[in-house]
Amino acid sequence: MERTLSIVKPDGVSKKLIGEVIKRFESHGLRVIGLKMIWMNKKEAEGFYAVHRGKSFYESLTNFMSSGPSVVMVLEGENAISKTRELMGATDPKKAEEGTLRRQYASNIEQNIVHGSDAPETAASEISYFFNALEIFPL
Ligand code: CDP
Ligand code: MG
């Protein structure tokens, strides 16, 4: 069993894709064990994406992530990290596989509707960035 953090980004919320994203994860064996809607401020978005500080897209990305509400969730399941990323597809929707969430719904490489952690260590730190122990409900 593994846990990961996913986010329906502000463009996904605005495009009414919250249900679609959750359905995709749930129907592929993942369980939602934590869930909430938040509106990150610029500082919170900068903290979340601190690993990308200094990159050309950092300023625009953190403006985008603080431009509206997001839905953050903790997913649990076998190989939750790789499964989530497989269902999301590549960062750039043009390079994402047919049938993936980003290929289907993303507008561009920045506004790509969904986030998923990329490794066990980042999953743990990203989960604790948004959730405390009392907000996670493993069954
Ligand atoms: O989200 P993912 O792990 O697939 O990609 P990343 O390389 O960790 O980048 C984080 C986020 O930054 C992406 O999901 C995009 O929203 C954004 N990004 C961007 O705007 N331009 C890029 N060239 C790369 C990433
Ligand atoms: Mg990433």
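Right above here is the structure, for reference.
Here's a quick rundown of the structure. Because the structure is predicted, anything quoted here is derived from the model rather than measured. (Residues numbered from 1 in each chain as written. Chains lettered and ligands numbered in written order. Predicted model: local features only at pLDDT ≥ 70, side-chain atom pairs only at ≥ 80, totals over all residues. Heavy atoms only, no water.)

Observations concerning the site of ligand 1
Line of reasoning, step 1. Around ligand 1, a shell composed of Lys9, Tyr49, His52, Phe57, Leu61, Arg85, Thr91, Arg102, Ile109, Glu110 and Asn112 is seen.
Line of reasoning, step 2. Within the side chain of His52, an N or O atom sits 2.9 Å from an oxygen atom of ligand 1.
Line of reasoning, step 3. For ligand 1, whose accessible area on its own is 500 Å², the fraction buried by protein is 81%.
Line of reasoning, step 4. For the shell around ligand 1, the class distribution of residues is 4 nonpolar, 3 polar and 4 charged. (Near = heavy atom within 4 Å. Polar contact = N/O pair within 3.5 Å; in protein donor to acceptor, adjacent residues only side chain to side chain. Areas by Shrake-Rupley, 256 points an atom, 1.4 Å probe, with all protein chains shown as cover. Nonpolar A, V, L, I, M, F, W, Y, C, P; charged D, E, K, R; others polar.)

Here's the deal with the nonpolar core
Line of reasoning, step 1. The biggest cluster of nonpolar side chains holds 18 residues, and the ones touching the most others in it are Leu5, Ile7, Met40, Met65, Phe130 and Phe131.
Line of reasoning, step 2. Elements supplying a minimum of two residues to this core: strand E1 (2-8), strand E2 (31-38), helix H3 (42-48), helix H4 (58-65), strand E3 (70-77) and helix H7 (120-130).
Line of reasoning, step 3. Considering every element that reaches this core, the biggest residue donor is H4, with 4 residues.
Line of reasoning, step 4. Discounting chain neighbours no more than four positions away, the residues touching Ile7 are Met40, Phe48, Met65, Ser70, Val71, Val72, Ile113, Val114, His115 and Phe130.
Line of reasoning, step 5. By size, the runner-up hydrophobic cluster in this structure holds 16 residues, among which are Val21, Leu30, Ala80 and Leu87. (Core = buried A, V, L, I, M, F, W, Y, C linked by side-chain atoms within 4.5 Å. Buried < 20%, exposed > 50% of the residue type's maximum accessible area, 1.4 Å probe, protein only. Helix = DSSP H or I, 4+ residues; strand = E, 2+ residues; numbered from the N terminus. Contact = heavy atoms within 4.5 Å.)

Note that all results are geometric; they support no functional claim without further evidence.
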